[in-house]
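Summary of structural features
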Amino acid sequence: PKKDGFRMPGEFEPHKGVYILWPERPDNWRDGAKPAQHTFVNVAKAISEFEHVTVGVSDEQYANARHMLPDEVEVVEISNDDSWIRDCGPTFVVNDNGKMRGVDWHFNAWGGLVDGLYFPWDKDDRVAQKVTEIERTDRYRLDDFTLEGGSIHVDGEGTLITTEECLLSQGRNPQLSKEQIENILKEYLNLEKIIWLKKGIYNDETNGHVDNIANYVEPGHILLAWTDDKDDPQYEISKENYDILTNSTDAKGRKIQVDKLYVPKPVLITKEESEGVDAVDGTLPRQEGDRLAASYVNYYTANGGIVFPLFGDPNDEKAKETLQKAYPDRKIVGVPAREILLGGGNIHCITQQVPNA
Ligand SMILES: NCCCCCC(N)=O
């Protein structure tokens, strides 16, 4: 934080490694989470080509996770209520002397008792502390400020992008004004400017996390989820954000270059997929025909690589080309990710990087 000289680095800055949590709850992951576990293994393998991967898993699933994951992936026991470490893990901040600390925001399953996705969430809310203990860093704990890491992106130079849809929603910090929320983010992440987008991807169950609609490639350069189909509700959402971004300047006074990352055709839950998910009172149901928040923007930026979701859509190839153009010095790797999307997120949501302080 500002007073201690720590800042949140951009995801494109060097990493020491990354954390992933193992999926298992059958009321969010179909067929006992087996398809999701295979996909998480593929994501872990893809990232481990670029940086060290640590997977946290419950004791019940420890032997299975250890068996399914390649040897180079480290497997440790971290209890959890579900596997979204982007959102319940620590946000690491670094200072100029190579020191690192973890910001441990309060987590409430994306809206708590207002519009949260499951109950309870106490194990998730302890994940950040456990990861900072493993990483042997100090920790800033905020008991009374709810934030998911997937709802923010920074350029590492004083600018943060987020969405009003999420941070101003009633289930996060209804007791705080927009300005009070801004000041907490500026203090803990050492920021000068916050650019507020309006909404996230259409029908995104996280209340429109920014990590599904816009990401920083580097300071002054953003990729935005886009469609040319004016009949798709996504068009108005993306257009509104495009106008905000192209009319903003960042903390350094730069105009922002906004490149378009075209979304796949709408992805709908099939009957078979819906029937594989346990119906549990209090957990968001997965119903046939529901439109999922599919977006290539939900990719992970690793050391020298980009790992992005594939949807079996004609735009998969177009997304790879757009990403390669944006990241000429990184290897672009696609991983079929429909199984993660069926759980409500994607590759960025299941990762949490540890910066190389
Ligand atoms: N069902 C929970 C989905 C969480 C998605 C996470 C993210 N950062 O968007």
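Scroll up to find the structure this text is about.
Residues numbered from 1 in each chain as written. Predicted model: local features only at pLDDT ≥ 70, side-chain atom pairs only at ≥ 80, totals over all residues. Heavy atoms only, no water.

Strand order in the open sheet formed by 3 strands is β15-β16-β17, and the pairing between neighbours is mixed. Since the sheet does not close on itself, it has two edges, and those belong to β15 (300-302) and β17 (331-336), each with one partner. Taking the axes of each pair of neighbouring strands and ignoring which way they run, one obtains an average angle of 25° across the sheet. By the bridge criterion, 6 bridges tie strand β16 (residues 305-310) to β17 in an arrangement that is parallel. From the neighbouring strand, Phe308 faces β17, where its bridge partner is Gly334. The sheet contacts of helix α11 (residues 315-326) involve β16 and β17, and relative to β16 the element is tilted by about 160°. (Pairing = 2+ DSSP bridges. Helix = DSSP H or I, 4+ residues; strand = E, 2+ residues; numbered from the N terminus. Axes fitted to C-alpha atoms, helices over the stretch in contact; angles between N-to-C directions. Contact = heavy atoms within 4.5 Å.)

Before going further, it helps to examine the sheet that holds strand β18 (residues 352-355). What the 4 strands build is an open sheet, ordered β3-β2-β1-β18; its pairing is mixed. The sheet terminates laterally at β3 (74-77) and β18, the two strands that pair on one side only. Across the sheet, the mean angle separating the axes of adjacent strands is 25° when strand polarity is ignored. Alignment of strand β1 (residues 15-21) against β18, held across 4 bridges, turns out to be antiparallel. Within β18, the position partnered with Val18 by the bridge is Gln353. Packing of helix α1 (residues 34-48) onto the sheet brings it into contact with β1 and β2 (52-57), and relative to β1 it is tilted by some 175°.

On to the environment of Tyr188. Turning to its location among the elements, Tyr188 is positioned in helix α8 (residues 178-189). When the C-alpha atoms of Tyr188 and Pro219 are compared, they prove to be 19 Å apart, with 31 residues separating the residues in sequence. Contact partners of Tyr188, with chain neighbours within four places excluded, come to Pro1, Val93, Val103, Trp105, Tyr140 and Leu142.

The quantities given are spatial measurements derived from coordinates; they are silent on function.
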